[in-house]
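# Architecture and fold: a report
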Protein chains: 2
Amino acid sequence: MKMSGGVEWALHCCVVLSGAGAPVTAAKLAELHDVSQSYLAKQLQLLSRAGLVRSTLGQSGGYVLTRAANEITVLDVVEAIDGAQPAFRCTEVRQRGPMAVPAERCDTPCPIARTMDSADRVWRESLRRVTIADLIADVNRTTAPEILAGAREWLRA
Amino acid sequence: MKMSGGVEWALHCCVVLSGAGAPVTAAKLAELHDVSQSYLAKQLQLLSRAGLVRSTLGQSGGYVLTRAANEITVLDVVEAIDGAQPAFRCTEVRQRGPMAVPAERCDTPCPIARTMDSADRVWRESLRRVTIADLIADVNRTTAPEILAGAREWLRA
DNA sequence: CTGAATCCGGATAACTGTTGTCCGAGATTC
DNA sequence: GAATCTCGGACAACAGTTATCCGGATTCAG
């Protein structure tokens, strides 16, 4: 049970992107967070494919959020990077072996699958309730103002 | 994001074990579910190490549940097989790069980690609320009585 | 007491998915 | 037209999962 590490990077990128008014290049985002540039580019492509960011090509190009920060949920980012598939996949064990239940009697999912699906739903619901704007508000509250100003300045240069 | 496939097998085994009065061997459990015997043996070892089942050695040995079915939660099994580590691991990105926040200012976890931890908690809480006894009750309600009796008989032989 | 059956633990290999890198094609700005 | 930048795909390295096998210890049946 492990979520892709790219999710953390992507969320940090969304927070930064929301603060910057102009497009930010993948190289700058990678340097700011001290992560692999080529690999971060792949995560940004996933965000782009999911419609969360828009990329502008050419010189002075880069990435921009497509929506306001309070209209992008953490779940949006998680599903863009990690996929929307649930962690548990029922393989219909009950239909196998010498005491197999015939397929035509298996109209409802087995109770194990239902339990897992239910847990998956509350997990996603919990992530849906938090937006990028919430994260930003939290960052602004807990980190020193001079660091925030410094980062904004570094990004512009 | 993928849970170990062994979780599904282990849960099915717990359901079966609860119905059988006598110890059941790993070979029988594997044949009943039509899965690899050697690999299922490893999952059973994990259950044993977690204290959910007890193994009796020697001829006519096998596995038995250590507690009543209503005192074993689905979460117990999931954590025994898949580990108790949360899916998201914060790598403290904020402490890296040219605009790194000094470690001494990072007394509280970053908002991203808090969001993920919160979602992880509700997920686990949801799984903790369902016990093996609940699964059994569901199985008894939804599957034909003759199949249940047949399985019990097959297990005894 | 002997032999058969069983679990345990480690070593090992195949497979899958993640992580990470690189480069050409196409687009934009100056 | 030249420089810069993103996009997408191809590809390699790595880690974790899945699966198998075997020797050793233990227990029960005869």
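Quick caveat: nothing in here was measured; it's all calculated off a predicted structure. (Residues numbered from 1 in each chain as written. Chains lettered and ligands numbered in written order. Predicted model: local features only at pLDDT ≥ 70, side-chain atom pairs only at ≥ 80, totals over all residues. Heavy atoms only, no water.)

Another aspect to go through is the protein's contact with DNA strand C. Taken together, 24 residues sit near DNA strand C, with A:Ser4, A:Ser36, B:Ala26, B:Ser55 and B:Tyr63 positioned nearest. Close to the protein, within 4 Å, the atoms of DNA strand C are drawn from sugar and phosphate at a rate of 66%. Note that a phosphate oxygen of DNA strand C is positioned 3.5 Å from one of the side-chain N or O atoms of A:Lys2. Side-chain polar atom of B:Ser55 to a phosphate oxygen of DNA strand C: 2.4 Å apart, as the coordinates give it. If you list the elements that add at least two residues to the surface near DNA strand C, you get helix H3 (37-49) of chain A together with helix H3 (37-49), strand E1 (53-56) and strand E2 (62-65) of chain B. Take the surface near DNA strand C: its biggest share by element is 4 residues, from H3(B). (Near = heavy atom within 4 Å. Polar contact = N/O pair within 3.5 Å; in protein donor to acceptor, adjacent residues only side chain to side chain. Helix = DSSP H or I, 4+ residues; strand = E, 2+ residues; numbered from the N terminus.)

This part is about the interface of chain B and chain A. If you look at the interface, chain B gives 53 residues, while chain A gives 53 residues. Carbon and sulfur atoms make up 69% of the area that chain B and chain A hide from each other, which totals about 4900 Å². Looking only at chain B, the three residues that lose the most surface to chain A are B:Met1, B:Glu8 and B:Met99, adding up to 16% of its buried area. At the boundary of chain B with chain A, the tally comes to 4 salt bridges. Inspection of the region where chain B meets chain A yields 12 residue pairs in polar contact (both at pLDDT 80 or more). (Contact = heavy atoms within 4.5 Å. Buried area = accessible area lost by both parts, 1.4 Å probe. Salt bridge = Lys/Arg side-chain N within 4 Å of Asp/Glu carboxyl O.)

Here we take up the protein's contact with DNA strand D. Not every one of the 23 residues close to DNA strand D is listed here, only the nearest: A:Gln45, A:Ser55, A:Tyr63, B:Ser4 and B:Ser36. Between DNA strand D and A:Gly58, the relevant distance is 3.3 Å, taken from a sugar or linking oxygen to a main-chain nitrogen or oxygen of the residue. Breaking the surface near DNA strand D down by element, the ones donating at least two residues are H3, strand E1 (53-56) and strand E2 (62-65) of chain A together with H3 of chain B. Grouping the amino acids of the surface near DNA strand D by side-chain chemistry returns 5 nonpolar, 15 polar and 3 charged. (Nonpolar A, V, L, I, M, F, W, Y, C, P; charged D, E, K, R; others polar.)

Moving on, we get to the pairing of E1(A). Where E1(A) lies against E2(A), 4 bridges are found, and the strand directions are antiparallel. Within E2(A), the position partnered with A:Ser55 by the bridge is A:Tyr63. (Pairing = 2+ DSSP bridges.)

It is worth spelling out the relation of the copies chain B and chain A at this point. Turning chain B through 180° and shifting it by 0.0 Å along the axis lays it on chain A, with an RMSD of 0.1 Å. On this basis, the relationship between the two copies can be described by a two-fold rotation axis. Of the C-alpha atoms belonging to chain B, the one lying closest to the rotation axis is found on B:Trp123, 2.6 Å away. Taken together, the interface assignments show that 100% of the residues at the interface of chain B recur at the interface of chain A, consistent with an identical surface on both copies. (Least-squares fit on C-alpha atoms with pLDDT ≥ 70 in both.)

This next bit is on the pattern of salt bridges. Residues and elements named next belong to chain A. For the structure on display, the rule yields 17 salt bridges over all chains. The residue Arg124 makes a salt bridge to Asp120 at a minimum N-O spacing of 2.5 Å. Of this pair, Arg124 and Asp120 both sit in helix H5 (residues 111-128), separated by 4 residues, roughly a single helical turn. For Arg124, a relative accessible area of 9% gives the class buried. The buried category is assigned to Asp120, whose relative accessible area is 12%. The network of salt bridges with common partners includes Glu79, Asp120 and Arg124. (Buried < 20%, exposed > 50% of the residue type's maximum accessible area, 1.4 Å probe, protein only.)

With that out of the way, let us pick up the packing of helix H6 (residues 132-142) of chain A against helix H5 (residues 111-128) of chain B. Where H6(A) meets H5(B), the closest approach of the two axes is 9 Å, and the angle between their N-to-C directions is 130°. With respect to their mutual orientation, H6(A) and H5(B) come out oblique. Residues A:Leu135, A:Asp138 and A:Val139 of H6(A) lie in contact with H5(B), whose contacting residues are B:Pro111, B:Ile112, B:Arg114 and B:Thr115. Tallied by class, the residues present in the contact of H6(A) with H5(B) amount to 4 nonpolar, 1 polar and 2 charged. (Axes fitted to C-alpha atoms, helices over the stretch in contact; angles between N-to-C directions. Parallel < 35°, antiparallel > 145°, perpendicular 65-115°, else oblique.)

All quantities given are derived from atomic positions and should not be read as evidence of function.
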